[in-house]
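# Coordinate inspection notes
Okay, here's what each chain looks like letter by letter:
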Amino acid sequence: MPSIPHPSRPRIVVGVDTHKQTHVAVALNQVGAVIGETTIPAHRAGYAQLQRWACELGEHEGEVEFGVEGCGSYGAGLASFLRRAGHRVVEVNRPDRSVRHRRGKDDTIDAETAARAVLSGAATAVPKTGDGTVEMIRQVKIAKDTATKARSQAIITLKTIIVNAPAELREILEPLGDKALIEECRKLRYESMSGPIDAACYTLRALADRYHALDQETRLHDRVLATLTNRAAPALTSLFGIAEDSASELLIVVGDNPDRINSEAALAKLCGACPIPASSGKTSRHRLNRGGHRQANAALHRILVVRMRFHEPTITYVTRRTAEGKTKKEIMRCLKRFLIREIYQIIVAPHKTNPLPSTT
């Protein structure tokens, strides 16, 4: 007796293994048989070529679904093109290691594995759209983070040079604080490169000028981030302890299409702030998830450090839970979950047409 096609499944599933120059695609039918494979160049003409090829395999355009690897990197352009064309795009993680051990590794196998992950329902993640204010925040945040890292390296190197500098220079500079040290080093001059002290003056002034330039650049990035975060979620930065830097990290993990996040629990998992079972034998306990977006998790930690020192309701909660015998790690785990609830209600819930019931 012939099987009846499942109405919710697409007739064609295309898995795509993405690379910088080319993408490899494999198409499966509804029962998992390979019905075609192709390789396209990684540009708009190639994306259109892939779409035509996939639609020719199916009877109608709406019956094709795509599973794309690397939607945040090499596959971002293809995912955006297919989404704008009206196709459902699913983000697929890299293949399981057990598959590679059994079948080997090449681009066609990876593309087929991606298609099978979508067809089986193992892959269901909706990729970020990357076409709104949050994408702007992400790009500016990259510029700010690299400038901040370079600024730290500059002053660390400057202080290292002072340790080995000639005594008459070291004795003047070593007692100074960071701000005064940078200003004093920017004033250093030398007449000719005739000795170690001249080289030290030259190097210290160069490093101080670099630090000053990077500090100015970082402050500019902060102002731009403040403008963009207020545009994307003005209520977020009004919460106690959340400034533009932490707000930008939280917005980045949510993306420009927050409706893709189904619940508070899903957001907590994305941020690595959900408790997961860690029981064995007679021991029954939970621990904090070590996965998720590490920068967003660090932002949650910074917010809670501020609240635990200056936010009266948080201080009262910590005091009560400490009296109950909870450790600081356990209290932080609970507070992160409460904080996720606040954030979800501000940046995700307003975008849900049919919000799902929240879970703790």
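A brief look at the structure comes next. (Residues numbered from 1 in each chain as written. Predicted model: local features only at pLDDT ≥ 70, side-chain atom pairs only at ≥ 80, totals over all residues. Heavy atoms only, no water.)

Here we come to the nonpolar core. Side chains of a nonpolar character, in soluble globular proteins, are inclined to be buried together. With 38 residues, the main nonpolar core has Leu236, Leu267, Leu300, Ile343 and Ile347 as its most contacted residues. When contributions to this core are tallied by element, the ones reaching two or more residues are α5 (133-163), α8 (196-232), α9 (244-254), α10 (264-270), α11 (294-310), α12 (312-323) and α13 (328-347). Looking at this core, the element that brings in the most residues is α13, giving nine residues. Ignoring any residue separated from it by four or fewer positions in sequence, one finds Leu267 in contact with Val254, Ile261, Ile340, Ile343, Tyr344 and Val348. In this structure, Ala27, Tyr47, Val68 and Ala79 belong to the second largest nonpolar core, which totals 19 residues. (Core = buried A, V, L, I, M, F, W, Y, C linked by side-chain atoms within 4.5 Å. Buried < 20%, exposed > 50% of the residue type's maximum accessible area, 1.4 Å probe, protein only. Helix = DSSP H or I, 4+ residues; strand = E, 2+ residues; numbered from the N terminus. Contact = heavy atoms within 4.5 Å.)

This next bit is on the pairing of strand β2 (residues 22-28). The side chains of a regular strand alternate, residue by residue, between the two faces of the sheet. Counting buried positions along β2 yields six of seven residues, so the element is predominantly enclosed. Two elements, strand β1 (residues 12-18) and β2, share six bridges in a ladder whose sense is antiparallel. Bridge assignment links Val13 to a residue of β2, and that residue is Leu28. Connecting β1 to the next strand, β2, in antiparallel fashion are three residues. Pairing of β2 with strand β3 (residues 34-41), which is carried by seven bridges, proceeds in the antiparallel orientation. For Val26, the partnering residue across the bridge sits in β3 and is Glu37. Where β2 hands over to β3, the hairpin turn is made up of five residues, of which Gly32 adopts a positive phi near 95°. (Pairing = 2+ DSSP bridges.)

Below, the discussion takes up the packing of aromatic side chains. Under the counting rule described, the total for this entry stands at three aromatic pairs. With a centroid separation of 5.9 Å and 50° between ring planes, the pair formed by Tyr47 and Phe81 is classed as tilted. Residue Tyr47 is located in helix α1 (residues 44-57), and its partner Phe81 is located in helix α2 (residues 76-84); the two are separated by 34 residues in the primary sequence. The residues Tyr47 and Phe81 share a single accessibility class, namely buried. (Phe/Tyr/Trp six-rings, centres within 6.5 Å; stacked < 30°, edge-to-face > 60°.)

Enumeration over the complete set of coordinates arrives at 19 salt bridges. Linking Glu135 and Arg138 is a salt bridge whose minimum nitrogen-to-oxygen distance equals 2.8 Å. Here Glu135 and its partner Arg138 are both found in helix α5, three residues apart, which amounts to about one turn of the helix. Classification of Arg138 by relative accessible area gives partly exposed; the value is 34%. With a closest N to O distance of 3.2 Å, Glu264 and Arg341 form a salt bridge. In this pair, Glu264 sits in helix α10 while Arg341 sits in helix α13, placing the two residues 77 residues apart along the sequence. When its relative accessible area of 2% is taken as the criterion, Glu264 is described as buried. (Salt bridge = Lys/Arg side-chain N within 4 Å of Asp/Glu carboxyl O.)

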